[in-house]
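For reference, the chains in residue letters:
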Amino acid sequence: MPTIVVDVMPKAELLDPQGKAVSGALTRLGVAGFSDVRIGKRFELTVDRADEATLETARRIADEILSNSVIEDVVNIEVVE
């Protein structure tokens, strides 16, 4: 069965406290080479078929239910077979 993957991230202009905490932990652990960390959400929706109508429904669900449009952006929707 195909799976529709939806990735949601905090808006770029907003602070990401979880990302800042991880970034600070990497610095404290001596891990170099990472200038910024942002933490988002990934949703996997298993569907019977991944036709255009199902993808459109997934886009609507992503915008209306899976993300908070005030503070988050839906950055990717893709089908994984």
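Residues numbered from 1 in each chain as written. Predicted model: local features only at pLDDT ≥ 70, side-chain atom pairs only at ≥ 80, totals over all residues. Heavy atoms only, no water.

**Here we look at the layout of surface pockets**
Then step 1. Size it by volume and the largest pocket reaches roughly 160 Å³.
Then step 2. Lining the largest pocket we find Val 8, Pro 10, Leu 14, Leu 15, Asp 16, Pro 17, Gln 18, Ile 39, Gly 40, Lys 41, Ile 71 and Glu 72.
Then step 3. Of all the secondary-structure elements, those providing two or more residues to the lining of the largest pocket are β1 (3-10) and α1 (17-28).
Then step 4. Of the residues contributing to the lining of the largest pocket, the split by class is 7 nonpolar, 2 polar and 3 charged. (1 Å grid on protein atoms, 1.4 Å probe; cavity = no way out; pocket = protein on both sides within 12 Å on 5 of 7 lines; lining within 4 Å. Points joined across faces, edges and corners; volume = space filled by probe spheres on them. Helix = DSSP H or I, 4+ residues; strand = E, 2+ residues; numbered from the N terminus. Nonpolar A, V, L, I, M, F, W, Y, C, P; charged D, E, K, R; others polar.)

**Some points on the sheet that holds β1**
Then step 1. Pairing within the open sheet is antiparallel, and its 3 strands lie in the order β2-β1-β3. A single partner strand is all that each edge strand has here, and the edge strands are β2 (41-46) and β3 (72-80). Taken pair by pair, the neighbouring strands of this sheet meet at an average axis angle of 20 degrees, ignoring direction.
Then step 2. In terms of strand pairing, β1 meets β2 through 6 bridges, oriented antiparallel. Bridging from a neighbouring strand, Val 8 pairs with Lys 41 of β2.
Then step 3. Docked against the sheet, helix α2 (residues 52-66) engages β1, β2 and β3, running at close to 150 degrees with respect to β3. (Pairing = 2+ DSSP bridges. Axes fitted to C-alpha atoms, helices over the stretch in contact; angles between N-to-C directions. Contact = heavy atoms within 4.5 Å.)

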